[in-house]
Amino acid sequence: GGKSDALLISALQFADVPGYGALLLRKTFQELSLKGGLLERAHEWLAGSGARWAKDTWTWVFPSGAKLTFGYLESSKDRYRYKSSEFQMVGFDELTGFREEDYRYLFSRMRRLAGSEVPIRMRSATNPGDEGHTWVKKRFVQRGYASLDRKARNARVWWVEGRLFVPAVLEDTAALDRESYVASLAEVTEHERRRLLEGDW
């Protein structure tokens, strides 16, 4: 659990480095603004930190000059909003909501100045399902699973072809009232329930 927290932590990791830039994406602007989402969480974490919120660009600007920007990719043309930008970290929240070509395009925005020690990082968090389920499963889950021996398939972390995949199940979410969540999921299909409780791809 804690995948959205991990994305935000990753984006903030180098906020003390001048010139550092991170971008966190959801499919729509509305999803960014939902209660409990990345934007609300960032406001809770960064209030009183010395960082300044620039609402016109949906960006937190840190005393170092580093920036954390929030964005969306509702349609394929939205990816071109970032065509003149550069980031050292790009994060997708709920990756299965995105098209593969939009995800891949954002790799072209990842760069740094020569001599910089800040790593270039692409990070994603997601649940199984949604329109991008098939390509995400193929890129991160199936390819990795097929490449692992039986013992490694039971490991909680897979590192295959330069990609790290960290599955999570209900037991990993310590802060959640598990009993009430499981009761709520009694109303969804068995297939959807397995996806959300067991990370079943």
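To be clear, the structure that these remarks concern was listed above.
Description of the structure in this document. Here the residue numbers are simple positions, counted from 1 along each chain's written sequence. Where totals are concerned, whole chains, interfaces and linings use all residues; where local detail is concerned, this predicted model gives features only for residues with pLDDT of at least 70, and gives and counts side-chain atom pairs only at 80 or more. Side-chain descriptors were evaluated using all non-hydrogen atoms of the structure, hydrogens and water having been removed beforehand.

## Section: the overall build of the chain
Part 1 of the reasoning: Under the DSSP-based scheme used, a helix requires at least four consecutive residues in state H or I and a strand at least two consecutive residues in state E, with every element numbered from the N terminus. Within the chain one finds eight helices and eight strands.
Part 2 of the reasoning: Out of the 201 residues belonging to the chain, those deemed buried represent 40%.
Part 3 of the reasoning: In the chain, the proportion of contacts linking residues at least 24 apart, taken out of those at least 6 apart, comes to 63%.
Part 4 of the reasoning: Computed with a 1.4 Å probe, the accessible areas rest on the Shrake-Rupley method; for each residue, only the protein chains presented here act as cover. Within the structure as shown, the chain displays about 11400 Å² of accessible surface, and the carbon and sulfur contribution to it stands at 51%. For every residue, the accessible area obtained with a 1.4 Å probe (protein chains only) is divided by the maximum for its type, and the residue is called buried under 20%, exposed over 50%, and partly exposed between those limits. The contact criterion used is simple: two residues touch if any of their non-hydrogen atoms lie within 4.5 Å.

## Some words on the environment of Arg79
Part 1 of the reasoning: Residue placement: Arg79 occurs in the loop between β4 (67-72) and β5 (89-93).
Part 2 of the reasoning: For Arg79, a relative accessible area of 14% gives the class buried.
Part 3 of the reasoning: Along the chain, Arg79 and Asp102 lie 23 residues apart, while their C-alpha atoms are 6.3 Å from each other.
Part 4 of the reasoning: Within polar-contact distance, the side chain of Arg79 engages the backbone oxygen of Glu101 at 3.4 Å. In the analysis that follows, any N or O atom pair within 3.5 Å is treated as a polar contact, provided that within protein one partner can donate a hydrogen and the other can accept it, and provided that, for residues neighboring in sequence, both atoms belong to side chains.

## Quick notes on the side chain of Ser10
Part 1 of the reasoning: Examined against the element boundaries, Ser10 turns out to sit in helix α1 (residues 3-12).
Part 2 of the reasoning: Ser10 sits in the buried class, given a relative accessible area of 10%.

## Regarding helix α8 (residues 190-198)
Part 1 of the reasoning: At the N-terminal end of α8, a side-chain oxygen is found 3.1 Å from the backbone nitrogen of Glu192, two or three residues along, and the residue is Thr189.
Part 2 of the reasoning: Phi turns positive one or two residues past the end of α8, at Gly199, with a value near 60 degrees.

## Description of unusual backbone geometry
Part 1 of the reasoning: Phi is positive for Trp58, close to 50 degrees, though the residue is something other than glycine.
Part 2 of the reasoning: Relative to the helices and strands, Trp58 resides in the loop between β2 (52-54) and β3 (59-61).
Part 3 of the reasoning: Exposure remark for Trp58: the relative accessible area of 23% places this residue in the partly exposed category.
Part 4 of the reasoning: Despite not being glycine, Asp130 shows a phi value in the positive range, around 75 degrees.
Part 5 of the reasoning: On the secondary structure map, Asp130 appears in the loop between β6 (121-125) and α5 (133-147).

## Quick look at the pairing of β5
Part 1 of the reasoning: Counting buried residues along β5, five of its five residues qualify, which places the element largely inside the surrounding structure.
Part 2 of the reasoning: Taking every second residue as pointing to the same face, both faces of β5 are buried, with Met89, Gly91 and Asp93 on one and Val90 and Phe92 on the other.
Part 3 of the reasoning: Both strand β1 (residues 21-26) and β5 contribute to a ladder of four bridges, which runs parallel. Bridge pairing in β5 places Ala22 opposite Met89. Paired strands, as defined in this entry, are two strands with at least two bridges between them according to DSSP.

## Let's talk about the packing of aromatic side chains
Part 1 of the reasoning: Two rings from Phe, Tyr or Trp (for Trp, the six-membered ring) form a pair when their centres are within 6.5 Å of each other. A pair whose planes differ by under 30 degrees is stacked, one over 60 is edge-to-face, and the rest are tilted. The full count for this structure, using the stated rule, is 11 aromatic pairs.
Part 2 of the reasoning: Note on Phe14 and Tyr20: the rings are 6.0 Å apart at their centroids and 55 degrees apart in plane angle, and the pair reads as tilted. Assigned by exposure class, Phe14 and Tyr20 land together as buried.
Part 3 of the reasoning: Centre to centre, the rings of Phe29 and Trp58 are 4.9 Å apart; their planes meet at 70 degrees, and the pair counts as edge-to-face. In this pair, Phe29 is assigned in helix α2 (residues 29-33) and Trp58 in the loop between β2 and β3, connecting sequence segments 29 residues apart.
Part 4 of the reasoning: Among the aromatic residues, those joined into a ring-pair cluster are Phe92, Phe98, Tyr103, Phe107, Trp135 and Phe140.
Part 5 of the reasoning: Whether a charge sits over a ring comes down to the Lys NZ or Arg CZ being within 6 Å of the ring centre and within 35 degrees of the ring normal. Looking at Arg81, its charged tip hangs above the ring of Tyr72, at a distance of 4.5 Å from the centre.

## Some words on the side chain of His133
Part 1 of the reasoning: When you line up the elements, His133 lands in helix α5.
Part 2 of the reasoning: Leave out the neighbours within four places in its chain, and His133 touches Thr96, Pro128, Arg195 and Trp201.

## Side note on the pairing of β1
Part 1 of the reasoning: With respect to burial, β1 is a largely interior element, six of its six residues being buried.
Part 2 of the reasoning: Burial of β1 is two-sided: the residues Gly21, Leu23 and Leu25 facing one way and the residues Ala22, Leu24 and Arg26 facing the other way are all buried.
Part 3 of the reasoning: Pairing geometry for β1 and β4, over six bridges, is parallel. Bridge pairing links Leu25 to Gly71 in β4.

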